[in-house]
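# An overview of the molecular structure
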Amino acid sequence: MSALTPLLTSRWGQERAWTLDAYRRTGGYQALAKALKMDPADVLNTVKDSGLRGRGGAGFPTGVKWSFLPPPDGGPRYLVVNADESEPGTCKDIPLMMADPHSLIEGAIITSYAIGCHHAFIYLRGEVVHVYRRLLNAVSQARAAGLLGKSVGGSDFDLELTVHAGAGAYICGEETALLDSLEGRRGQPRLKPPFPAVAGLYARPTVVNNVESIASVPWIVGRGADWWKSMGTEKSTGVAIYSLSGHVQRPGQYEAQLGVTMRQLLDLAGGVRAGHQLKFWMPGGSSTPMFTPEQLDVPLDYDSVAAAGSMLGTRALQCFDETVCVVRAVSRWMEFYAHESCGKCTPCREGTFWLRSVLRRIEAGQGRPEDLQILQDIPGSIMGRAFCPLGDGAPSSLVSSLKFFRDEYVQHIELGRCPFDPAASYLFEAVTA
Amino acid sequence: MSAPDQVTCSIDGVEITVPKNTLIIRAAEEAGIFIPRFCDHPLLKPVAACRQCLVDVASPAGPEGKLRAFPKPQPACAMTVTPGMVVNTQLTSPAAAKAQEQVAELILINHPLDCPVCDKGGECPLQNQALSTGRAVSRFTDKKNTFAKPLALTPLILLDRERCVLCQRCTRFAAQIPGDPFIALQKRGANQQIGRFDAAVLGVAPVDPAAAEAACDAACDDLAADGRPFAGYFAGNIIQICPVGALTSADYRFRARPFDLVSTETVAEHDSSGAAIRVDYRRGQVLRRLAGSDPSLNQEWITDKDRFGFRWQVAPDRLTRPLVRRGDEMVAVSWPEGIAAAAAILGAAANPAVLPGGRLTLEDAHAYSVFARAVLATDSVDFRARPASREEAQFLAHFVAGSGAGVSLDELAQAPAVLLAGFEAEDEGGVVFLRLREAGTKVYALAPLASRGLRRLGGTLLATAPGAEAQALSQLPDAVEGLLAEAAAALRGPGDENAAAESPARPGGVIVVGERLATTPGAYSAALAAARRLGARLVWIPRRAGERAALEAGLLAGLAPGGRPLAGLSPAEAESVFGRQLDLAPGLDVSGIIAAAAGGDVDALLVGGLEMVDLPNPTRAASAFKAAKVVALQVRGDGLSPWADVILPVAPPQEKAGTFINWEGRLRPFPQVLASTALSDARVLQALAKAMGADVRIGPLAAAHEALAALAAPAEPVPAPAVAPSPPRSPGPGEALLSTWHYLVDDAAGLDGVEALAASAPAARARLSAATAAAAGLEAGGRVEVATADGAITLPVVIDDVLDGVVHLPTKSPGSWVRVNLAAADGGVVRISPAPDHEEVAP
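Throughout, residues of each chain are indexed from 1 in the direction in which the sequence is written. Whichever chain is written first is A, and whichever ligand is written first is 1; the rest continue in order. The predicted origin of the model limits local features to residues at a pLDDT of at least 70 and limits the giving and counting of side-chain atom pairs to 80 or more, whereas totals for whole chains, interfaces and linings rest on all residues. With hydrogens and water set aside, each side-chain value is computed from the structure's full complement of heavy atoms.

Here we come to empty space enclosed by the protein. Residues and elements named next belong to chain B. Put simply, the grid is 1 Å and covers the protein atoms alone, a cavity is a trapped set of points that fit a 1.4 Å probe, a pocket is an open set with protein on both sides within 12 Å along at least five of seven lines, and lining residues have an atom within 4 Å of a point. Grid points are joined across faces, edges and corners, and a volume is the space filled by probe spheres set on the points. Counted under the stated rule, the structure contains 10 cavities of 30 Å³ or more. The calculated volume of the largest cavity comes to roughly 320 Å³. Along its surface, the largest cavity is lined by 24 residues, and R228, D427, R452, P762 and R767 are the ones closest to its centre. Elements represented by at least two residues in the lining of the largest cavity include exactly α13 (425–429) and α15 (452–456). Residues that form the lining of the largest cavity fall into these classes: eight nonpolar, five polar and 11 charged. For helices the rule is a DSSP run of H or I covering at least 4 residues; for strands it is a run of E covering at least 2, with both sets numbered from the N terminus onward. Gly is placed with the polar residues, together with every amino acid not listed as nonpolar (Ala, Val, Leu, Ile, Met, Phe, Trp, Tyr, Cys and Pro) or charged (Asp, Glu, Lys and Arg).

Right, dumping it as structure tokens:
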């Protein structure tokens, strides 16, 4: 039996899957109808019982997060869907919203119903204009069909859904920076407490969830918590999208039960680029420590990956074969973090700036022996010192690369140049003059 | 056991009990432990951005309350202490010390090593913490971030971006304290920087060079389209709270080293708040002024006027020698000659009068009071060098003089509601505005327009035409009355009478009256009546620093020191205060004195520190001064020299010791800052008295206080004024009622020598409603001529939310000198019409 369990991705290949008709033909909005007949508390408990954990990277139990909202006080409460997918390597939410936007909308409606929200927001990464258009169309279709606005699906539940396009800042994927940005302010993380559940958007109780988490909700509500729990592992229930990219034969999104191994996924993707071997891979995006072929059999669930020294993150499995220079790869990531550091706190702002300067020099063959000590020390000045988790995660790839491939850094410094041919790693034809 | 609102925790093994919600960093200070910090400021909300204050924290958790350590070090500036919390700072935790060292290393990598040429060097928290927490030698060998320097945030505030550690104290101050968010964080990562809107920095400058230049000019313009400055009146505070040398004052930059300066704690002279300031001087020259710290008064903030306005004391026309008139010229003479000349004029006067001005210390005011009554034998004394009324004098004598400490600033800020009448908190109160804003006090204002200050207070406008305040005070909206009268309502509360008796009555609201009400007949009477009717408290907040002290010293006709009616003094009391028995004819007030001088009835004037242009009708005052002999005691010569016969130089505040009394009634004594040979007014008056052969007690400083303290409470106080409101003036076609007040930063003589501050002052604009403008044929962006029989002012029109039929002008801003050009006051009737095309700008 294949390890694949297409649920969230089940509609992606269908004809005009993004339309309301196509969605309804395949059972769409039936979970909503079911939910609207339930007590909101029961909907919440179903999701809580399912053990669904946040798919945005941190893996916090979704239903528990919802239950943190204080009791209703008559004022507004908000659901904000974090669709600001911008971690290097992470590419699951954007194809989901592109191919199957109504599953997100249905999830958002059910979630709003469960938590007593009457105005939900989808905060979308601004660069993906095509997805923005598709979401807007899907929302207007849903509105025309009576699934949004007054009396959702003929019930007495009202819901507005606003799709907001951000301006393309990595920091706005951090939930409190996202809320500031959504409010029209400069996107920088907020001091916690108060947490968004107590004072989030416009200082009102707010739930912020990842796209994939919300899109999982209709499945859980439709088929029940026990069915969901029957998949995955005990503490990482259900299915999730694994995005394979890099030096694999068939890159793409592979939906499987949590706990699937990289070896299984690599088989599904046709293995590493022909004639090459896997050198290292990132389990959860560029903010998670890298793995080597030694970890191919680690079950990819939240706890097993953590036990193996990394993080499941967003299951963005970037694969790199032996042609890849680790220094070059890490240097590119550091360029990203130095560019995207929001600047609020000293460790991330200055630390990534410093590491970028040093990595640039080493890659250019101007490294010095003492640089190794800097590369060793400065990540420790950032991790556990930064204001938000994004800063804490910025040097992860560097730290793990030093653990596995310290020799390559030494080689760069001693040779005074990069020992690799970058063109050998290209997946496209190198343009030669 | 500690009280429920107290928390006991341990910091570095020191057990300490502090109020609930205290931040770790504050609690540590209580325990005598200093945790390094940059972004933390006790008066700003925590932001936890710089990460310099990381400490190890463990707190009891779980049912057994077992101590559980936080996995990461926590920012002491943002975390509050909890019962049983154990904090280990850099002193006891190697982990915390290491975290702080790591952050200090990072803070310094992009910071230039230019301490030897940096203003902050020697008083720099970064320098100190680099020594305590940083590395001796930097490991950073790559290229530091650089920026074009400096960037002018205002003409007076310069920003060197490469020195900035991005702690956001400045932007948080601007947004949180005065509510003038004129600067913000821009860009991100290591390029993040503080800035105002600057097209060149933000990369939004047009490509066309001419357009780029125009955009740059627009960006360099400190004024919004409606004439308001972006930076506001309090921006200078950001220089002082910057923990590095990034923000510097253009006025002080590169002029001194902190360790060469001598610092003196003193009191600001520019308004009646009596703000605590620090004056720094070197070799007899004042180089800068900083906010002092007085938690119950100005906290750690001062106005830019208090900060930058000190050069007037050493202006080019500062007098050092007496001047005596020889024909058309004033000639410098020796002190004995000058005193003799003045004594001759005053001694020969049949009917002298005294206009001492509103900027005196208590000691100097007392000297004038004694000198007038005992030496000149006149009761024609009035400190009010501004529009004034007899009703006001009676109100002040009845309610303010001798009342001691009244409503305090703390009480004002905590009042259930504050009603402002004839008082604009930001322009006329300075730090009063900041405290009301900080406390979020519910503010109502009787005014014809919601000023920008009132809007930033979140205040409510009770739209009132200038001159109609008396009627408004006697019929306030029910909701406002309810709030002002809260004390009475609480006492009357049904049921639990015992509780009401045991708990102290909740104080009522406060009605604030300003000096502008003097031009509205019946307003002070109505304010008194309203306060009595509602059980509200009442406080008078004048603009000038010396008015309260002048009142306490009895510088009003018929008023003795201590609020006693002059006529009610016993012979013994008269002897003790004035050194002799008095038998004086009833005195005149300021307008009476000027009229009498013009008519020849008053033949000599003794004038203190006042300016002709501040008097209600400067033209008429000038002719009065021309007609009489004038002896003036002045710091500077230019103002009165055309009219004076003798000018005797006196010391400015920084060259004498003295006591201001602020509007709270609080004594604000200050020491002499600079060594000086300049004499205080009291010393000069003493010399004059001696030259005139009078044997009276004037000075030393202590004597004034003794004489005042010796006076008993008045047996027969001055009765309250009971002036009926006059019917509101209704402007005819082409006319409007004038609303006007002094802006905090304007053409004040106290700002002479700091022209750069004037550049960020609000520009003079005529504000009126769309309906008023339309009726007069005016439009936004056009120019209006505001005229009276005495002259005209021409200003750009701004359509604003002003009561119909009212035009608002600043009293003394560039191009709008209302008293000189219009001889009109708040509530007067003026003509408004489109200005003729050929611009005739008022002087």
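What follows concerns the interface of chain B and chain A. With 34 residues of chain B at the contact, the number on the chain A side is 35 residues. Buried area is calculated as the accessible area (1.4 Å probe) missing from two parts once they are joined, with the contributions of both summed. A per-residue breakdown of the area chain B buries against chain A is headed by L106, R139 and R188 of chain B, which together make up 25% of the total. Salt-bridge detection follows one rule: a side-chain nitrogen of Lys or Arg within 4 Å of a carboxyl oxygen of Asp or Glu. Counting across the chain B and chain A interface gives four salt bridges. Nitrogen and oxygen atoms within 3.5 Å of one another constitute a polar contact, given that in protein one can donate a hydrogen and the other can accept it, and given that sequence-neighbouring residues count only through two side-chain atoms. Joining chain B to chain A, the criterion identifies 19 residue pairs in polar contact (both at pLDDT 80 or more). Note on definitions: a residue-residue contact is assigned when non-hydrogen atoms from the two residues lie within 4.5 Å.

All names here are of chain B. Marked domain ranges trace back to an automatic or database domain assignment. Under the domain assignment used here, chain B contains domain 1 (6–108), domain 2 (110–125 + 140–313), domain 3 (324–397 + 547–710), domain 4 (415–541) and domain 5 (735–834). Counting residues at the interface gives 20 residues for domain 2 and 14 residues for domain 4. A buried area of about 1300 Å², summed over both sides, lies between domain 2 and domain 4, and 50% of it is on carbon and sulfur atoms. Counting the surface domain 2 buries against domain 4, the share from its top three residues, Y233, F234 and Q299, is 29%. In this structure, the connection of domain 2 to domain 4 is made through two salt bridges. Residue composition of the side of domain 2 that touches domain 4, grouped by class: nine nonpolar, eight polar and three charged.

A word on the packing of aromatic side chains. Planes of paired rings set the category: under 30 degrees apart is stacked, over 60 is edge-to-face and the rest tilted, where pairs are Phe, Tyr or Trp rings (Trp by its six-membered ring) whose centres lie within 6.5 Å. Taken as a whole and assessed by the stated rule, the structure comprises 23 aromatic pairs over all chains. Relative to Y202 of chain A, the ring of Y78 of chain A lies with its centre 6.0 Å away and its plane at 70°, an arrangement referred to as edge-to-face. Residue Y78 of chain A is found in strand β1 (residues 78–83), and its partner Y202 of chain A is found in the loop between α9 (196–199) and β4 (206–210); the two are separated by 124 residues along the sequence. Burial classes: relative accessible area under 20% of the type maximum marks a residue as buried, over 50% as exposed, and values in between as partly exposed (1.4 Å probe, protein chains only). With a relative accessible area of 12%, Y78 of chain A lands in the buried category. On the accessibility criterion, Y202 of chain A (44% relative accessible area) is partly exposed. With a centroid separation of 6.5 Å and an interplanar angle of 70°, the aromatic rings of Y233 of chain B and F234 of chain B are classed as edge-to-face. Exposure class is identical for Y233 of chain B and F234 of chain B. Each is buried. Of note, K279 of chain A hangs over the ring of F405 of chain A, and the distance from its end group to the ring centre comes to 5.3 Å. The ring of F387 of chain A has K344 of chain A lying over it, and the distance from NZ or CZ to the ring centre is 4.4 Å. The rule for a charge over a ring is simple: NZ of Lys or CZ of Arg within 6 Å of the ring centre, and within 35 degrees of the ring normal.

Ranked by size, the top nonpolar core spans 155 residues in total, and within it Y409 of chain A together with L412 of chain B carry the most contacts. Judged by nonpolar contacts, the second largest core, of 89 residues, contains V333, I339, A526 and L534 of chain B. Definition used in this section: a nonpolar core is a set of buried Ala, Val, Leu, Ile, Met, Phe, Trp, Tyr and Cys residues joined via side-chain atoms within 4.5 Å.

Turning our eyes to something else, we now look at the sheet that holds strand β11 (residues 247–249) of chain B. Residue and element names in this part refer to chain B. Between any two strands, at least two bridges found by DSSP are needed for them to pair. Ordered by their spatial adjacency, three strands build an open sheet running β7-β8-β11, and the pairing between neighbours is antiparallel. Every interior strand has two partners, whereas the edge strands, β7 (151–154) and β11, have only one. Strand after strand, the sheet turns through a mean of 35° between neighbouring axes, direction not considered. Where β7 lies against strand β8 (residues 157–159), three bridges are found, and the strand directions are antiparallel. Residue T154 lies in a different strand from β8, and its bridge partner there is I157. Here an angle of 0 to 180 degrees is reported between the N-to-C directions of two axes, which are lines fitted to C-alpha atoms, with helices fitted over the stretch in contact.

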